[in-house]
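Architecture and fold: a report
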Amino acid sequence: MYKYVLRRLLLAVPVLLLSSLIVFGLMRVMPGDALTALMAESGNVGEKELAKLRRDLQLDRPYVEQYALWLWQMVSFRPGDSIFTGEPIATSLKKSIPVTLELATLALILGLVIAVPIGILSATRQNTPADYAGRVVAVSGLSLPDFWLGTLVITFAAIWFRWIPSIGYVSFWESPTRNLQQFLLPAAVLGFRLSAATMRMTRSTVLEVLREDYVRTARAKGLEGRIVVYKHALKNALIPVVTIVGGQLGTLLAGTVIVETIFALPGMGRLTVEAILFRDYPVVQTNVMLVAGALVSLNLMVDLMYAWLDPRIRYH
Amino acid sequence: MAIARTSTFAGEPVAEGQGWLGELVTALRRNPLGVASAGIIVLLALTATFADVVAPYDPLAPQPEIRLSAPSRAHPFGTDDIGRDVLSRVIYGSRISLWVGLLAVGIGTIVGMLIGLVSGYWEGRLDMMLQRVMDAVQAIPGLLLALAIVSVLRPSTTNAMIAIAIVIIPGNSRIVRGAVLSAKQNRYVEAAQAMGCRHLRIIVRHILPNVTAPILIIASIWFGNAILIEASLSFLGVGTQPPEPSWGLMLSTTGRAFFEQAPWLAVFPGLAISLAVLGFNLFGDTLRDAWDPKLRRSG
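None of the values given here were measured: they were computed from a predicted structure.

For chain A, the count of helices and strands is 13 helices and 0 strands. Ordered by position from the N terminus, the helices and strands of chain A form the series α-α-α-α-α-α-α-α-α-α-α-α-α. With the C-alpha coordinates aligned to their principal axes, the bounding extent of chain A is approximately 85 × 55 × 35 Å. Looking at chain A as a whole, 37% of its 316 residues qualify as buried. A separation threshold of at least 6 residues defines the contact pool for chain A, and within that pool the share at least 24 residues apart is 74%.

Take a look at the structure:
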């Protein structure tokens, strides 16, 4: 097991290094680099100021040196400053990461709360109206764009309940009720989208497991249907569901980008979109790399969870 | 009448007389949702092709005197903030969505397939290198990668399409690689290698036919996703630029700005996106049911 974890960690290093090269390369291809955009923004900036800015941002150094410097900054948790706001990136990340984490966690919980029971219901009542209804919910979750759902939720919440997303962010520790008021709707929108694939997977694996011999044995010895499902079938059925949830972490993180933008939540997603729009490349490359790193480690954790869920799985 | 399947071996060619199309028709007959999804796709394709005939008004022509008017007989989907007919804009929007979907999925599929073929057929060090690069691209969430690429290339429909194609490549390459690895286990591939057939011939004649079904299934599902990503990029302002009528852009510009006075501006473009994505998702499911015997039972 330790060997497996170590090998996976070692394999993650070249992948992340390659990702960082891709991100760094992308940012350097920008036609008319960030400084030109900055110049357009602030009006007249002379050649001298421009040269000084280049020097300050170390854009005059060779690419290899810039890359090495950036890597060092990332590893030592000092990712430099934003070009636009001048704020240290670490400071803005400290503010925005908790927002995204809260949104993502709530969405994941809500998604599972929607998906797993409906998936089980769909499977245990296969080909009944309840099953059809569950499947329609699942397919619509896959097809309704989160930005549309978000827009509609805001539109109709405003028309019917006079509810408008508040501008200032309130942390959970300041006021839990106001914080949840801010987060519940966006998390539900995101969670609904996540629930679709999980629901489909739960349904099909529960169906499959219910046909297994040991489930038939459990039934034959006279166990109640509910106990058969919850005690015998569910644990095995949930293993592939963990895979699906793990595979969706990317969708979840990408979803936060959209949902944060719509609901005006000051999270990492919104920070990244704004940085991309303003070509604030230090912020973009740091955020994208952070997300990639988070995704790679989360996937590793998901893989390790299998062993915990299914003792048949052994890692070598 | 459809001919019954006689072959029981997964992955083996089916009974004579029922090729792929036959299997698809059988699956469609069994599954009314499949027929509905095919109907949606045909409808979309026809709308996009004949947009200039179907659309009642010019999608770009403003009529300020009837701005923000509610859905009526003359304007079934209402009008937007400068009096453009929303129905006509939604109809023309299907062109952008389908065009982006077609090219992005086309490029993403072809490049992904080539990488997967090379990777799976030759294996070894090249395979390892290519797959690590694919891992690295996949480590970045699709939408973020697309956003970063589009911002580098400047926002436009074409660049959104290129970005989506790049997002599609790694997943496709992996699926094709897997299919190639399993196709290589077939005796006839071994036989062809033993007979000294050239690589290209083995790939084209013996391996490619095994890879086509998974590619078509995944392409259909990606088509829906590509439409979704294009709409998301346009929604965030880095895809199609105004005044072009892209569904995502319509939602973000007029849909969000006037949502209290004119909710129809948010409803109809979103409905169009959902319908299109739903069509391609369900069609992908139908293809999978028809062509992937392993998944057929679990439904």
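When helices and strands are tallied, chain B shows 12 helices and 0 strands. Mapped from its N terminus to its C terminus, chain B presents α and β elements in the order α-α-α-α-α-α-α-α-α-α-α-α. Residues counted as buried form 47% of the 299 residues belonging to chain B.

Moving on, we get to the confidence of the model for chain B. Residues and elements named next belong to chain B. Confidence along chain B averages 84 in pLDDT terms, with 91% of residues attaining 70 or more. At the low end of the mean pLDDT range in chain B sits helix α12 (residues 293-296), at 50; at the high end sits helix α4 (residues 86-122), at 93. Confidence over residues 1-16 falls short of pLDDT 50; this stretch has 19 contacts with residues more than four positions distant or in other chains. As scored by the predictor, the complex reaches a pTM of 0.83 and an ipTM of 0.80.

Looking now at the interface of chain A and chain B. Residue-level contacts link 42 residues of chain A with 38 residues of chain B. Those elements giving two or more residues to the side of chain A that touches chain B turn out to be α1 (2-29), α6 (129-143), α7 (146-161), α8 (176-210), α11 (249-262), α12 (268-277) and α13 (281-309) of chain A. Tallied by class, residues from the side of chain A that touches chain B come to 32 nonpolar, 8 polar and 2 charged.

On to the environment of Phe235 of chain B. By secondary structure assignment, the location of Phe235 of chain B is in helix α9 (residues 199-235). For Phe235 of chain B, a count of 31 C-beta atoms within 10 Å corresponds to the buried category. For the pair Phe235 of chain B and Leu249 of chain B, spaced 14 residues apart in sequence, the C-alpha to C-alpha distance is 4.8 Å. Once residues within four sequence positions are removed from consideration, Phe235 of chain B is found in contact with Phe147 of chain A together with Gly248, Leu251 and Ser252 of chain B.

With that out of the way, let us pick up the packing of α7 of chain A against helix α10 (residues 247-257) of chain B. For the pair α7 of chain A and α10 of chain B, interaxial distance at closest approach is 11 Å and the crossing angle is 5 degrees. Put simply, α7 of chain A runs roughly parallel to α10 of chain B. Across the interface between the two elements, Phe147, Trp148 and Thr151 of chain A of α7 of chain A pack against Leu251, Gly255 and Arg256 of chain B of α10 of chain B. Among the residues forming the contact of α7 of chain A with α10 of chain B, the class breakdown is 3 nonpolar, 2 polar and 1 charged.

Position of Val13 of chain A among the secondary structure elements: in helix α1. On a C-alpha basis, the gap between Val13 of chain A and Gly293 of chain A in space is 9.6 Å, while along the polypeptide they are 280 residues apart.

With an omega of 5 degrees, the peptide bond running from Pro242 of chain B to Pro243 of chain B counts as cis. Within the fold, Pro243 of chain B resides in the loop between α9 and α10. The backbone of Phe77 of chain A sits at a positive phi, close to 55 degrees, despite the residue not being glycine. One can find Phe77 of chain A in the loop between α4 (63-75) and α5 (89-124).

We now examine the environment of Gly239 of chain B. Residue and element names in this part refer to chain B. Locating Gly239 in the fold gives a position in the loop between α9 and α10. With 30 C-beta atoms counted inside 10 Å, the residue Gly239 sits in the buried group. Note: C-alpha distance between Gly239 and Thr157 (82 residues apart in sequence) is 5.4 Å. Here Gly239 is in contact with Val150, Pro155, Thr157, Ala160, Glu230, Leu233, Ser234, Ser246, Gly248 and Leu249, once residues within four sequence places are set aside.

Residues and elements named next belong to chain B. If you look at the biggest cluster of nonpolar residues, it comprises 145 residues, and the most contacted ones within it are Leu144, Ala146, Leu147, Ala148 and Ile164. Ignoring sequence-local partners within four residues, the contact set of Ala146 consists of Ala163, Ile164, Val167, Ile229 and Leu233. Of all hydrophobic cores here, the second largest spans 9 residues; its members include Leu117, Ala179, Val180 and Val189.

Spacing of three or four residues puts side chains on the same side of an α-helix, whose turn is 3.6 residues. Counting buried positions along helix α3 (residues 47-56) of chain A yields 0 of 10 residues, so the element is predominantly exposed. Note on α3 of chain A: the residue one or two positions beyond its end, Gln58 of chain A, has a positive phi of about 60 degrees.

Here the focus is the packing of α5 of chain A against α11 of chain A. Residues and elements named next belong to chain A. In the contact formed by α5 and α11, the axes pass within 10 Å of each other and the chain directions differ by 115 degrees. When the interaxial angle is binned, α5 and α11 end up roughly perpendicular. α5 and α11 meet at a crossing whose hand is right-handed. Where α5 approaches α11, its residues Thr100, Leu103, Ala104, Ala107 and Leu108 are matched on the opposing element by Leu252, Leu253, Thr256, Val259 and Glu260.

Quick look at the confidence of the model for chain A now. Considering every residue of chain A, the mean pLDDT works out to 82; 91% of them sit at 70 or more. Looking across chain A, the model is least confident in helix α2 (residues 34-42) of chain A, with a mean pLDDT of 63, and most confident in α5 of chain A, with 90.

Definitions and cut-offs
- Residues numbered from 1 in each chain as written.
- Chains lettered and ligands numbered in written order.
- Predicted model: local features only at pLDDT ≥ 70, side-chain atom pairs only at ≥ 80, totals over all residues.
- Helix = DSSP H or I, 4+ residues; strand = E, 2+ residues; numbered from the N terminus.
- Buried ≥ 20, exposed ≤ 12 C-beta atoms within 10 Å, placed from the backbone.
- Contact = placed C-beta atoms within 7 Å.
- pLDDT = per-residue confidence, 0-100.
- Nonpolar A, V, L, I, M, F, W, Y, C, P; charged D, E, K, R; others polar.
- Axes fitted to C-alpha atoms, helices over the stretch in contact; angles between N-to-C directions.
- Parallel < 35°, antiparallel > 145°, perpendicular 65-115°, else oblique.
- Core = buried A, V, L, I, M, F, W, Y, C linked by C-beta atoms within 7 Å.
- Left-handed = near helix turned anticlockwise from the far one by under 90°.

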